[in-house]
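Now for the letters of each chain:
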Amino acid sequence: MRRLQGLPALDEIVSLAVRIITSRTFLEILVFPGFLNITLSAAFLTWLERKVIARVQLRIGPLYAGMWGILQPIADGVKLMFKEMIFPELADARLLMLCALSLMLIAAAPVVAIPFGDGLVIANMEIGLIYVFAAVSLFPTVILLIGWGSNSKYPFIGGLRSLFQQVSYEIPMWFSALGIVMLTGSLNLTEIVKAQQNIWFLVPQVLGFAVFFTTVLAELERIPFDLPEAETELVMGWMTELSGVAFMIGFLAMYIKLYLMSALITVLFLGGWLGPPLLPDPVWFLVKTFLVSSVIVIIRGSFPRVRIDLLLKAGWTRLLLLALANIFVTVILIVLGLDWMWRV
Amino acid sequence: MPDLAFLALSGLVIISAIFALEAKELIYGAVGLAFSLIGVAGVFVLLGAEYLAMFQVSVYVGAVVVLILFTIMLVRRESGRIVEEEEPCRLGRAGMLIAGLVAVAVAEAMLILAPLSPETPEFYQAPLRELGRSLATSYSVALVILGLLIGATVVGGLTLAKIDREEKADGTAQ
Amino acid sequence: MALDSWTLFVVFELLIFLGIFPLLVFGWLMGAKGRDPIRDAPFESGQTHLGEARQRYMMQYYPYLIMFVVFDVVAMFLFTWGLAFTALPFAQGFLLLVFLVILVAPLGYALYLSSKTEIW
């Protein structure tokens, strides 16, 4: 401990701010792969979901706002901004608004560490993977607060179900990513992608991929793990009492989470930005990410919902065992010396 | 500049903790605790323990605060509010102020009497592989004991929580 | 000071906050003022709400929360082990798995307890 003489002068702060704003990283933060990227992609994913679900259900989906309804998300956003934020009398309006804001902050946080191309990452953290997992682990807290703060039966039950579901599926998610960490010996997402130059991790970690994909579906509260929302039972689940701008923020946060989790699956198992030099690296990344998101969306239209107790038990027994089996397979791979393919 | 970050994070920790103590609703107290623990994670980052900071966020804010919230929400309340409104104890506030001033005076006296080295120690960030290696080799026995301790705590806690309900619910499940 | 990862993280989060907070303020200002008992009732698809909303639902899954805390800590040790796995001497690489196996028993107990709904 030393005396606090090191408080920076105002011009030092200003110069640092100017340096940050005029740096290339700030442009990355603002445009790609930062702020604009995630908001536009999340909005695009809302449109994609409605179109794909519609086709699966033999409908057409959004049609009138722009060609093929592509401007529908913008129309929705503008509408929601001007709708009144109705908070019930018994609900805690300030807590709900604070939690909606936190939801967006937490949902957008993983993009800082996810590499969209070689060197195209906002902050190349040495512990990138753990950072993303920590950001995702903050969701249950906020969702529980929203469910409780709404002071109404449906949101509260939805919040509790979401809490238990996400909490039960986070452990298999982490354990299934452990195999990749063992093969590369690094938590840095850029290095994990570069280690897949020979073969993608999809091949040796098939079991891990299956478990990870399932747990990501559960973390996103997507069908077949849809009970917290359960449209026929709980209206909108824990988001029921959010309306207007707060709902827009929560809804957008959910789709940003979908986008970033798909990006994480791409980075971990599908080789990130690696691909034949036909297309530039970030385009490969986006192609793979939207492919994963489309599969997740198609699954929504194709599967029934799992009951809550079976869901939780499956997360703790079967998925955890499969993740541990994946670790065992990885140990065997390393012991047999086959891991040279992924050590760059 | 690190001092500004340290000041900001310390402010977050202390002010959130004070808010957590003084809040009328227990839920707000838990939210204050969550912010305070996020500030602690920030301090870990400043000290170079990024890995620990991430798991601080994940374990404490993501799991322990959830447990606290869950417990607060589901404790049966007869009167509707757990925290009864109390008279603010004016002597208590004066006592806190005096204790704070005494603590600051003692710290300053210590600094004058035993001045520390003006150089800050080197910023050392332990490589994670080294951490893992030493945990698995030198501290493996400690880890096994830790596992046994955690297991015993969990089983004990669950048994206590369960028996609590059984005593109250005589035949009629709730 | 270098533009290290955490500064950028703070800048990014600040940016998101500055982008979202005005939207909330805008929505709050746009809203109608005054309480209306019909508009402000909790949403139950048209029915009037009866009874306290915050009751003891799903208490039987409480052991899952405790097991989550435990396995969260286990994951912390397991990731350091996984990182260093190739650098470990052969036999000692598996000692940490003993740590994992020990905690299977409380997990089994937690699963057993959560299947009995009548004691919660």
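One can find the structure itself at the top, above this paragraph.
Residues numbered from 1 in each chain as written. Chains lettered and ligands numbered in written order. Predicted model: local features only at pLDDT ≥ 70, side-chain atom pairs only at ≥ 80, totals over all residues.

## A look at the environment of L71 of chain A
Mapped onto the elements of the fold, L71 of chain A is located in the loop between α3 (35-56) and α4 (72-82). Apart from residues lying up to four places away in sequence, L71 of chain A is in contact with A65 and G66 of chain A. (Helix = DSSP H or I, 4+ residues; strand = E, 2+ residues; numbered from the N terminus. Contact = placed C-beta atoms within 7 Å.)

## What to know about the nonpolar core
If you look at the biggest cluster of nonpolar residues, it comprises 185 residues, and the most contacted ones within it are L96, M104, I114, I130, I249 and I256 of chain A together with Y64 of chain C. Apart from residues no more than four positions distant in its own chain, M104 of chain A is found in contact with I249, L252 and A253 of chain A together with I16 and I20 of chain C. (Core = buried A, V, L, I, M, F, W, Y, C linked by C-beta atoms within 7 Å. Buried ≥ 20, exposed ≤ 12 C-beta atoms within 10 Å, placed from the backbone.)

## Focus: helix α3 (residues 50-74) of chain B
Residues and elements named next belong to chain B. The first and last C-alpha atoms of α3 sit 34 Å apart over 25 residues, in line with the 36 Å expected at 1.5 Å per residue. V65 marks where α3 bends most, by close to 25 degrees. In terms of burial, α3 is a largely internal element, 18 of the 25 residues being buried. (Expected span 1.5 Å × (residues − 1). Bend = angle between axes of the 7 residues up to and from the residue.)

## Quick look at helix α1 (residues 5-30) of chain C
In a regular helix each residue adds 1.5 Å, so 26 residues correspond to 38 Å; α1 of chain C covers 38 Å between its end C-alpha atoms and thus fits that length. Here α1 of chain C has its buried residues at S5, L8, V11, F12, I16, I20, L23, L24 and G27 of chain C.

## Considering unusual backbone geometry
Residues and elements named next belong to chain A. Phi is positive for L58, which is not a glycine, with a value near 60 degrees. Along the chain, L58 falls in the loop between α3 and α4. You can call L58 exposed: it has 6 C-beta atoms within 10 Å. One non-glycine residue, W68, adopts positive backbone phi at about 55 degrees. Inspection of the secondary structure assignment puts W68 in the loop between α3 and α4.

## Quick word on the interface of chain C and chain B
Taken together, the 38 residues of chain C in the interface contact 36 residues of chain B. At the level of secondary structure, the elements contributing two or more residues to the side of chain C that touches chain B comprise α2 (62-84), α3 (95-102) and α4 (104-114) of chain C. Among the elements that line the side of chain C that touches chain B, the one with the most residues is α2 of chain C, at 15 residues. Residues belonging to the side of chain C that touches chain B are distributed by class as follows: 31 nonpolar, 3 polar and 4 charged. (Nonpolar A, V, L, I, M, F, W, Y, C, P; charged D, E, K, R; others polar.)

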